[in-house]
Amino acid sequence: MDEPFSYRPTLPTSTSDLEKSASRGEGNAKENGNLDLPGLSEDAGLERQLKSRHIQMISLGGVIGTGLFLVSGGFITLGQRFVDPAFSFLQGWLYWYNWVVTLPAELSAAAVLIGYWNDTVNPAVWITVCLVVAVGINLGGARAYGEMEFWFAIIKILTIVGLIVLGIVLTAGGGPDHKAIGFRYWHNPGPFVQYMGIAGSKGRFLGFWAVLVQASYSYLGTEIVAIAAGEAANPKKTLPRAIKTVYIRILMFYIVGTFVIGLLVSSADPRLDLSTGTAISSPFVIAINNAGIKGLPGLVNACLLTAAWSAASSDLYTASRALYGLSVNGNAPRVFAKLTPYGLPWVSLLVCVLVGLLSYMSAGAHTAGQVFNYFADMTSVCGLIGWAGICYTYIRWYNGMKAQGIDRDALPYRAPLQPYLTWYSMIACCVILFFSGFQVFINIDGDFDQGTFWTTYIPIIICPFLYFPYKWYYRCTTVSYDQMDFVSGSRVEEEEEEELPHGFWARLWKKITL
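Thresholds, definitions, all that
Residues numbered from 1 in each chain as written. Predicted model: local features only at pLDDT ≥ 70, side-chain atom pairs only at ≥ 80, totals over all residues. Heavy atoms only, no water. Helix = DSSP H or I, 4+ residues; strand = E, 2+ residues; numbered from the N terminus. Buried < 20%, exposed > 50% of the residue type's maximum accessible area, 1.4 Å probe, protein only. Contact = heavy atoms within 4.5 Å. Areas by Shrake-Rupley, 256 points an atom, 1.4 Å probe, with all protein chains shown as cover. Salt bridge = Lys/Arg side-chain N within 4 Å of Asp/Glu carboxyl O. Axes fitted to C-alpha atoms, helices over the stretch in contact; angles between N-to-C directions. Parallel < 35°, antiparallel > 145°, perpendicular 65-115°, else oblique. Left-handed = near helix turned anticlockwise from the far one by under 90°. Nonpolar A, V, L, I, M, F, W, Y, C, P; charged D, E, K, R; others polar. Core = buried A, V, L, I, M, F, W, Y, C linked by side-chain atoms within 4.5 Å. Patch = residues over 30% accessible without salt bridge, like charges linked within 9 Å, V, L, I, M, F, W, Y side chains within 5 Å. Expected span 1.5 Å × (residues − 1). Arc of directions from axis to C-beta. Phe/Tyr/Trp six-rings, centres within 6.5 Å; stacked < 30°, edge-to-face > 60°. Polar contact = N/O pair within 3.5 Å; in protein donor to acceptor, adjacent residues only side chain to side chain.

J.: How would you sum up the overall build of the chain? Please name residues and give values.
T.: Counting its secondary structure elements, the chain contains 18 helices and zero strands. Taking all 514 residues of the chain together, the buried fraction comes to 53%. A sequence separation of at least 24 residues applies to 79% of the contacts in the chain between residues at least 6 apart. With an accessible surface of roughly 23,800 Å², the chain has 65% of that area assigned to carbon and sulfur atoms.

J.: How would you explain the pattern of salt bridges if you had to name every residue and give the values?
T.: Applying the stated criterion to the full structure yields two salt bridges. Put simply, Asp 84 and Lys 471 hold a salt bridge, and the shortest N to O gap is 2.7 Å. Of this pair, Asp 84 sits in the loop between helix H3 (75-82) and helix H4 (85-114) while Lys 471 is found in helix H17 (residues 450-474), placing the two residues 387 residues apart along the sequence. By relative accessible area, Asp 84 is classed as buried at 0%. The salt bridge partner of Asp 409 is Arg 414, with a shortest N-O separation of 3.6 Å.

J.: Quick one: what's the story with unusual backbone geometry, residue by residue and with numbers?
T.: At the junction of Asn 188 and Pro 189, the peptide bond is cis and its omega measures out at 10° in the coordinates. Looking at the secondary structure, you find Pro 189 in the loop between helix H7 (184-187) and helix H8 (200-219). One non-glycine residue, Leu 417, adopts positive backbone phi at about 55°. With respect to the helices, strands and loops of the structure, Leu 417 is situated in the loop between helix H14 (368-403) and helix H15 (420-434). For Leu 417, a relative accessible area of 61% gives the class exposed. Unlike most non-glycine residues, Arg 475 shows phi in positive territory, near 50°.

J.: So what about the packing of H4 against helix H5 (residues 123-139)? Which residues, and what values?
T.: The N-to-C vectors of H4 and H5 enclose an angle of 120°; their axes lie 9 Å apart at closest approach. Classified by the angle their axes make, H4 and H5 are oblique. Handedness of the crossing formed by H4 with H5: right-handed. Contacts from Leu 107, Ala 110, Ala 111 and Ile 114 in H4 reach Pro 123, Trp 126, Ile 127, Cys 130 and Leu 131 in H5. Its residues placed into classes, the contact of H4 with H5 shows nine nonpolar, no polar and no charged.

J.: Explain the nonpolar core to me, and be specific about the residues and the numbers.
T.: With 72 residues, the main nonpolar core has Trp 96, Val 100, Leu 107 and Leu 316 as its most contacted residues. Broken down by element, the residue count for this core peaks at 17 residues, all from H4. Sequence-distant contacts of Leu 107, defined by excluding residues within four places in its chain, comprise Ile 127, Cys 130, Leu 131, Ala 312, Gly 356 and Ser 359. Judged by nonpolar contacts, the second largest core, of 20 residues, contains Ile 157, Leu 166, Tyr 185 and Leu 264.

J.: Tell me about a nonpolar patch on the surface, and please be specific about residues and values.
T.: Together, Trp 423, Ile 427, Val 431, Phe 434 and Phe 435 give the surface a local cluster of nonpolar side chains, amounting to about 510 Å² of exposed area. Topologically, Phe 434 is positioned in helix H15.

J.: An account of the packing of helix H6 (residues 141-171) against helix H12 (residues 296-328) is needed here, citing residue identities and associated values.
T.: Following both chains from N to C, one finds H6 and H12 inclined at 145°, their axes separated by 9 Å at the closest point. Classified by chirality, the crossing of H12 by H6 is left-handed. Counting all contacts with H6, which are made through Ala 142, Tyr 145, Glu 149, Phe 152, Ile 155, Lys 156, Thr 159, Leu 163 and Leu 166, the residues of H12 involved are Leu 296, Val 300, Cys 303, Thr 306, Ala 307, Trp 309, Ser 310, Ser 313, Ser 314, Tyr 317 and Arg 321. Considered class by class, the residues forming the contact of H6 with H12 number 12 nonpolar, five polar and three charged.

J.: Lay out H5 with the relevant residues and their values.
T.: Its 17 residues place the ends of H5 24 Å apart at the C-alpha level, agreeing with the 24 Å of an ideal helix rising 1.5 Å per residue. Within H5 the residues assigned to the buried category are Pro 123, Ala 124, Trp 126, Ile 127, Cys 130, Leu 131, Ala 134, Val 135, Ile 137 and Asn 138. For H5, the angular spread of the buried residues around the axis is 165°, confining them to a single face. One or two steps after H5, the chain reaches Gly 141, where phi turns positive at roughly 85°.

J.: Can you lay out the packing of aromatic side chains for me, pointing to particular residues and giving the numbers?
T.: If you walk through the whole model with that rule in mind, you get 20 aromatic pairs. Here the aromatic rings of Phe 453 and Tyr 457 are separated by 5.5 Å at their centres, their planes lie at 45°, and the arrangement is tilted. In this pair, Phe 453 and Tyr 457 are both assigned in helix H17, four residues apart and thus about one turn of the helix distant. What makes Tyr 457 buried here is its relative accessible area of 12%. Taken together, the aromatic side chains of Phe 205, Phe 208, Trp 209, Phe 434 and Phe 435 make up a single cluster linked through ring pairs.

J.: Describe the side chain of Ser 436, and please don't skip the residues or the numbers.
T.: Within the element layout of this structure, Ser 436 appears in the loop between H15 and helix H16 (439-442). Given a relative accessible area of 9%, Ser 436 falls into the buried group. Here the side chain of Ser 436 touches Leu 433 through a polar contact of 2.8 Å, landing on its backbone oxygen. In contact with Ser 436, not counting residues within four places along its chain, are Val 213, Val 381, Thr 456 and Tyr 457.

Okay, here's the thing in structure tokens:
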């Protein structure tokens, strides 16, 4: 979408102008419900340590497994500025809940992956190891996180590209068994299979609908680029370019990858059942084993394990920054805004690590896969609510820009087909949310799956209990279009010099992403 904070109708040309601009920004912030926190100076805020190459690689590979981060100034703050403080309060806590719950999900996934090599050791051991790795990366601050995510992203990109190429080769009969797979699984059992034994087109449609929420789990985090400005060194130039790489990730990594998986493995293969708690459930590992390739499944699993480490690190980073942003905006206790001298929100980080201990629920020998499914359901639902909220905030921002006569051509980046695509996205998210847990009602007179019901619908149920009491207690009013503030938070200082690409491939990549 467009970049709201980049609009600058007038820039201060002197020190006095700058002071006046800051004063106006402070006043607008207070009118819109922002709270000033004593002891939090400008120098004490999050530091802009993420360089251009970090943002580029994170935008391309940082969500292969999960998403990235939220900071003060992201869509939570924009919800307060363009909707009302109660909406920001709701979105902020749901977004934190989203990513803090994703952490134990990824830790459980890591335990499943390691179980491929050794299923005799309790998963709690592997969960502990992975949690220590994630905490260690986050203790290094934004720069250490960005550097590690840069290299993790490279590994993930090379892995998925290699698996796609290998999948095409195996499909064509290039494996050791020399058996061409072709489109056989598209004929038997077919691309659409019956759901829960329901016959006909109804069963096939329900099978398709059942995976929408699960699919959203893989797409969570695609909003990272739009909210990365809080710790990006040169957001005005870096972010618009990084946004343009998202289509590469979606097209190549998700759509092409899913297409190849559909060719390689039958949807009726019992080894796909994640509740078995082993990494043999990975369709790529199943396909490689079917082809008789020795040793490669272990290598693939090792690469996937780095993806799980990266995802867990990203989840911890995101959740801690979300909690920090809530505190800065006055929507959480002030203690969560405490920073170390080098800008690490250590109290928020500690709280998120404690929540991550929920991953030990999967310490049973064969429950890691099931626990992962439960956490993934909760994360997906919260993510869809967050996307719907982002869309609603954007629509109000769009209408506010129009009401105040501000031309979108003044922005560094303008999303196409707006606001129509945003309306479509918001409606689609709401429909999927409403019907996300339909499967628990099919056999309501038989075995009622309480675990799936609560993990699917509890985030939806708590929404009104967060929004309306806050709105009533603080008597929040919706921000009118003519009172919306489009200036506060904009960077008026000169942008830092951009990193120049070195070498042929670096220059080629820059041309692609311009």
